[in-house]
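A structural walkthrough
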Amino acid sequence: MEHGGRGGGSPAHASWLELSASALRHNVEAFRALEAATGGGSPRMLGAVLKGNAYGHGLQELLPLVHPLVDVLYLITPQDGLAVRAFERERGLSPRQVLVIGAIAPDEAVALAREGVDAVVADLSWKEAGPVLRAARLERPLRVHVHIDTGLGREGFTLEQLPRDTGFLSEHREVFELVGALSHFSNTEDVTEQGYALAQLEAFETGVSRLVEQLSPARAPQRHIAASAASLVLPRARYDALRVGISLYGLWPSPETRLSARLVLGELPTLKPVLAWRCRSQVVKWLPSGSYVGYGCTYRCSEPTRIAVLPVGYFDGYPRLVSGKAHVLVNGRRCPVLGRVMMNHLIADVTRATADERPVTATLLGHDGDEAVSAEALAGWAQTIHYEVVTRLGAHLRRVVVD
Ligand SMILES: *Cc1c(COP(=O)(O)O)cnc(C)c1O
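Computed from a predicted structure; not experimentally measured.

1. Thoughts on the nonpolar core
- If you look at the biggest cluster of nonpolar residues, it comprises 120 residues, and the most contacted ones within it are Leu 50 and Tyr 318.
- Split by domain, this core shows at least three residues from each of two domains, domain 1 (11-15 + 274-402) and domain 2 (21-265).
- With sequence-adjacent residues up to four places away left out, Tyr 318 is seen in contact with Trp 277, Gly 313, Ala 326, His 327, Val 328, Val 337, Val 341, Leu 346, Leu 364 and Leu 378.
- Leu 287, Val 293, Ile 307 and Leu 338 belong to the second-largest nonpolar core, a separate cluster that totals eight residues.

This is how it looks when you write it as structure tokens:
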């Protein structure tokens, strides 16, 4: 497979990311089909989690692709939530439900209320936002979802705090409209046995009923707790909306989730990775036998070796910890990464992958011919998880949409 001019080109010495629009559509369809096959009842909302620069895929590039496909968009910062509204206005699109799941300051809450972006109320600091929202003389209240900490020990009101600490929402009823309640699982993806998750579900239901009793909202709040793993393996957790992150990008949350999904669903849905990462070589050249490669002289050529110097390194998000373990793909062949990964360079052994010293295109992540490097493989070499590998891909990298 030749990736020559495709997406590469200028600037010549840089790597780029390819986003597959068809893979994204496929993954969305897989979640819709899952719902149709095993869901029953009323159709649930399918939401896309776009935090972490859309899991490193690039929020700006991904938003136009994902916006038409899903019902809800989840962002971590108020700025990103407002950016979605700006994007919709610019393109004349009808607004989606947008929800900011991260921390929000009182003045930011005012901006969200004005733009009809939903906010997650997750702690007592929100008491201060009440008077600020009142002073802003809003035309409509801020739409809020209350986060219930059911056992993750991160944001949200614990059952201890409910309903004691959410009384301010009823005191400032004209500026806070309860439209949802959410929680987040602690280890659905780390286990094949869901005892802890079931306890979290019980706590969630208790918390929701306390909120409803306290605030008696006009409509039943939208309940959502399932991220990718629970959406796949815990049908009971699907409630009214799914907050799917990693799997919309075509990656399984973990091997355990795959195992559980096979048991729970019978048939394993296919997920297609949306992302590929490629790099044009800076130079291809021969090194004589006995030459050292890279900082620290950690690698020595035991025979004449044709190397490709690739202008990509840990600055771009290629983990230095993979030194001595990783391979890249050139012309559909595995090429070991030699020596240490550097800030802006890595060296691959292309002796058998190419016949001469003309430039090559290397695939750091993704398919090339019959071979592939998965985000899981790269994460394994780097002793971390694929979530971290993809979200750390440099925001500066060029992102190209392909079919
Ligand atoms: C990150 C996150 C998700 C998505 O998790 P995935 O495992 O990537 O699907 C959903 N909800 C919340 C609150 C999150 O922080």
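2. Side note on the packing of helix H4 (residues 78-91) against helix H5 (residues 106-115)
- Here H4 crosses H5 at 25 degrees, and the two axes come no closer than 10 Å. By the angle between their directions, the pair H4 and H5 is classed as roughly parallel. In this structure, the crossing between H4 and H5 has a hand that is left-handed. Seen from H4, the contacting residues are Pro 78, Gln 79, Leu 82, Arg 85 and Arg 89; seen from H5, they are Glu 108, Ala 111, Leu 112 and Glu 115.
- A breakdown of the residues in the contact of H4 with H5 according to their chemical character gives four nonpolar, one polar and four charged.

3. Thoughts on helix H3 (residues 59-66)
- Every buried residue of H3 is accounted for by Leu 59, Leu 62, Leu 63, Leu 65 and Val 66. Down the axis of H3, the sector holding all buried residues measures 170 degrees, keeping them to one side.

4. Thoughts on the confidence of the model for the protein
- On average, residues of the protein score 94 in pLDDT, and 95% of them are at 70 or above.
- Taken as a whole, residues 1-9 scores under 50 in pLDDT and shows 23 contacts with residues more than four places along the chain or in a different chain.

5. Here's the deal with the environment of Arg 134
- You can see Arg 134 is positioned in helix H6 (residues 129-135).
- On the accessibility criterion, Arg 134 (39% relative accessible area) is partly exposed.
- Between the alpha carbons of Arg 134 and Glu 174 there is a distance of 8.0 Å; along the sequence they are 40 residues apart.
- Residues in contact with Arg 134, not counting those within four places in the same chain, are Glu 171, His 172, Glu 174 and Val 175.
- One polar contact links the side chain of Arg 134 to the main-chain carbonyl oxygen of Glu 171, over a distance of 3.2 Å.

6. Here we look at the packing of aromatic side chains
- Applying the stated criterion across every chain yields a total of six aromatic pairs.
- Here the aromatic rings of Phe 168 and Phe 176 are separated by 5.9 Å at their centres, their planes lie at 85 degrees, and the arrangement is edge-to-face. Comparing Phe 168 with Phe 176, the two get one shared label, buried.
- Three or more aromatic residues joined by ring pairs make a cluster, and in this case those are Tyr 55, Tyr 249 and Tyr 387.

7. Overview of the site of the ligand
- In the vicinity of the ligand there are 13 residues, among which Lys 51, Tyr 55, Ser 228, Ile 246 and Tyr 387 approach most closely.
- Taking Lys 51, its side chain carries an N or O atom lying 2.6 Å from an oxygen atom of the ligand.
- Ser 228 is positioned such that a nitrogen or oxygen atom in its side chain is 2.5 Å from an oxygen atom of the ligand.
- Calculation on the ligand without its partners gives an accessible area of 390 Å², and the protein chains cover 95% of this total.
- A breakdown of the residues in the shell around the ligand according to their chemical character gives six nonpolar, three polar and four charged.

8. Description of the domain arrangement of the protein
- Taken as a whole, the protein is organised into domain 1 (11-15 + 274-402) and domain 2 (21-265).
- Spacing between the C-alpha centres of domain 1 and domain 2 amounts to 37 Å.
- Between domain 1 and domain 2, a total of about 1300 Å² is buried, with carbon and sulfur atoms accounting for 64% of that surface.
- Per-residue buried area on domain 1 facing domain 2 is highest for Val 274, Tyr 387 and Arg 399; these three make up 48% of the total on that side.
- Connecting domain 1 to domain 2 are zero salt bridges.
- At the surface where domain 1 touches domain 2, the tally comes to six residue pairs in polar contact (both at pLDDT 80 or more).

Reading the values: rules and limits
Residues numbered from 1 in each chain as written. Predicted model: local features only at pLDDT ≥ 70, side-chain atom pairs only at ≥ 80, totals over all residues. Heavy atoms only, no water. Core = buried A, V, L, I, M, F, W, Y, C linked by side-chain atoms within 4.5 Å. Buried < 20%, exposed > 50% of the residue type's maximum accessible area, 1.4 Å probe, protein only. Domains from an automatic or database assignment. Contact = heavy atoms within 4.5 Å. Axes fitted to C-alpha atoms, helices over the stretch in contact; angles between N-to-C directions. Helix = DSSP H or I, 4+ residues; strand = E, 2+ residues; numbered from the N terminus. Parallel < 35°, antiparallel > 145°, perpendicular 65-115°, else oblique. Left-handed = near helix turned anticlockwise from the far one by under 90°. Nonpolar A, V, L, I, M, F, W, Y, C, P; charged D, E, K, R; others polar. Arc of directions from axis to C-beta. pLDDT = per-residue confidence, 0-100. Polar contact = N/O pair within 3.5 Å; in protein donor to acceptor, adjacent residues only side chain to side chain. Phe/Tyr/Trp six-rings, centres within 6.5 Å; stacked < 30°, edge-to-face > 60°. Near = heavy atom within 4 Å. Areas by Shrake-Rupley, 256 points an atom, 1.4 Å probe, with all protein chains shown as cover. Buried area = accessible area lost by both parts, 1.4 Å probe. Salt bridge = Lys/Arg side-chain N within 4 Å of Asp/Glu carboxyl O.

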